[in-house]
Amino acid sequence: MVKVRKKLEATSWNPFTGCTKISPACKNCYAEGLALKLHKWGTAGYENKFQFTVHRDRLEKAVPLKRKKPTLYFINNMSDTFHEDADEESIDQILNIVKKAHWHNFYMLTKRSERMKGYFKNKAVPDNLWIGVTVENKKDGFPRLKDLQTIETVNKHICCEPLLEDLEDIDLTGIRLVVGGGESGNKARKAELSWVESLHRQCQIQNVHFYWKQWGSYGPDGVFKGKGKTGYLVNGKALQSFPKNLLPKNVAVQDSTRSEVPFSEIKVNHQKLFRSSRP
Ligand code: SF4
């Protein structure tokens with residue numbers, strides 16, 4: 001596989017912070033741990049710790065509109081955009097900024113798929129927005145996936161992180177990208193190699209991009225090693241691809257002949273996250 005050295009980054013934009021746990025994927029929520037640390041360090045915007053909060057100043061400032069460089073934004077990675085306490089007007093404001101900032105691409109991920117489905121019933125999804133749901137298991141994830149599949153838009157993704165079981169014959173109709181990963185931390189739950197192989201196989205059969213981000217604390221051999229020590233290889237291969245149009249226009253892909261782009265380099269830049277967290 002040709003290595004693409006160009007550094008790709010997703011930048012977080014968090015007009016909402018804080019959340020409440022809603023499903024098994026939330027058990028060891030990364031955002032909660034980080035929010036508590038940021039609160040402890042006195043970072044502006046985390047005065048309420050992990051309690052759901054709408055930051056009106058961030059909506060008014062609309063930082064993405066001021067940034068001219070085409071950027072891939074992850075909206076509310078410290079919250080859930082469709083949280084029950086999020087007022088519709090604030091969600092509208094986010095969507096208006098996404099539409100206006102047409103030179104960027106944005107993506108969002110929710111576990112409140114019913115609300116997202118209702119929200120987009122009479123509203124169009126902007127072309128530069130990728131919407132997605134978490135599918136960590138069959139019981140909680142498949143109903144979310146069904147909700148996502150009813151929404152009229154092309155750019156849909158699902159996130160199977162932490163992957164908690166074999167998703168077997170998952171129906172990926174209308175989904176363009178599946179992102180997966182193992183869980184990190186001392187209390188991490190193990191992702192089995194066979195579950196990852198099974199998910200990858202379904203993506204191949206159904207012609208969907210598959211990106212295995214990382215193994216988390218347990219390696220593919222099932223041994224606990226700790227974060228950063230397990231890597232991302234699946235049977236010695238990087239299974240990391242995504243559709244080209246996930247990148248904002250004018251962002252060059254080094255090897256333009258590829259139909260798939262390795263994106264191990266895509267990651268949330270926490271420096272920027274901290275910076276953008278300040279008013
Ligand atoms: S929905 Fe996401 S942000 Fe909210 S508690 Fe669950 S994992 Fe954390």
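The structure this text deals with has already been given above.
Residues numbered from 1 in each chain as written. Predicted model: local features only at pLDDT ≥ 70, side-chain atom pairs only at ≥ 80, totals over all residues.

(A) Region of the structure containing the overall build of the protein chain. Looking only at helices and strands, one finds 8 helices and 9 strands in the protein chain. Relative to its 279 residues, the protein chain shows a buried fraction of 39%. When contacts within the protein chain are restricted to residue pairs at least 6 apart in sequence, long-range pairs at least 24 apart make up 71% of them. (Helix = DSSP H or I, 4+ residues; strand = E, 2+ residues; numbered from the N terminus. Buried ≥ 20, exposed ≤ 12 C-beta atoms within 10 Å, placed from the backbone. Contact = placed C-beta atoms within 7 Å.)

(B) Focus on the site of the ligand. All residues adjacent to the ligand are Cys19, Lys21, Ile22, Ala25, Cys26, Cys29, Ala31, Glu32, Ser79, Asp80 and Lys111. For the shell around the ligand, the class distribution of residues is 6 nonpolar, 1 polar and 4 charged. (Near = placed C-beta within 6 Å. Nonpolar A, V, L, I, M, F, W, Y, C, P; charged D, E, K, R; others polar.)

(C) Broad picture of the sheet that holds strand 6 (residues 129-134). Taken together, 7 strands build an open sheet; the order of strands is 1-4-5-6-7-8-9 and the sheet is parallel. What marks the edges here is a single partner per strand, and that holds for strand 1 (10-13) and strand 9 (209-212). Across the sheet, the mean angle separating the axes of adjacent strands is 25° when strand polarity is ignored. The strands touched by helix 6 (residues 138-150) within the sheet are strand 6 and strand 7 (156-160), with strand 6 carrying the most contacts at an inclination of about 155°. (Pairing = 2+ DSSP bridges. Axes fitted to C-alpha atoms, helices over the stretch in contact; angles between N-to-C directions.)

(D) Broad picture of unusual backbone geometry. A cis amide bond links Glu161 to the next residue, Pro162, at an omega of 5°. Mapping Pro162 onto the fold places it in the loop between strand 7 and strand 8 (177-180). Here the phi dihedral of Glu168 falls at roughly 45°; this positive angle occurs in a residue that is not glycine. With respect to the secondary-structure elements, Glu168 resides in the loop between strand 7 and strand 8. Given 10 C-beta atoms within a 10 Å radius, Glu168 is considered exposed.

(E) Quick peek at the nonpolar core. Ranked by internal contacts, the top residues of the largest apolar core, which has 54 residues, are Ile158, Cys160, Leu177 and Val178. In terms of residue count, the dominant contributor to this core is helix 4 (residues 88-100) (5 residues). Among the nonpolar cores identified, the runner-up in size contains 6 residues, and Cys19, Leu38, Phe50 and Met78 belong to it. (Core = buried A, V, L, I, M, F, W, Y, C linked by C-beta atoms within 7 Å.)

(F) Examining helix 6 more closely. With 13 residues, helix 6 should cover 18 Å at 1.5 Å per step; its first-to-last C-alpha distance of 18 Å lies within 8% of that length. By the burial criterion, the buried members of helix 6 are Gly141, Arg144, Leu145 and Leu148. Along the axis of helix 6, the buried residues cluster in a sector spanning 105°; they form a single face. Opposite the packed face of helix 6, turned more than 90 degrees from it, sit the exposed residues Lys139 and Thr150. (Expected span 1.5 Å × (residues − 1). Arc of directions from axis to C-beta.)

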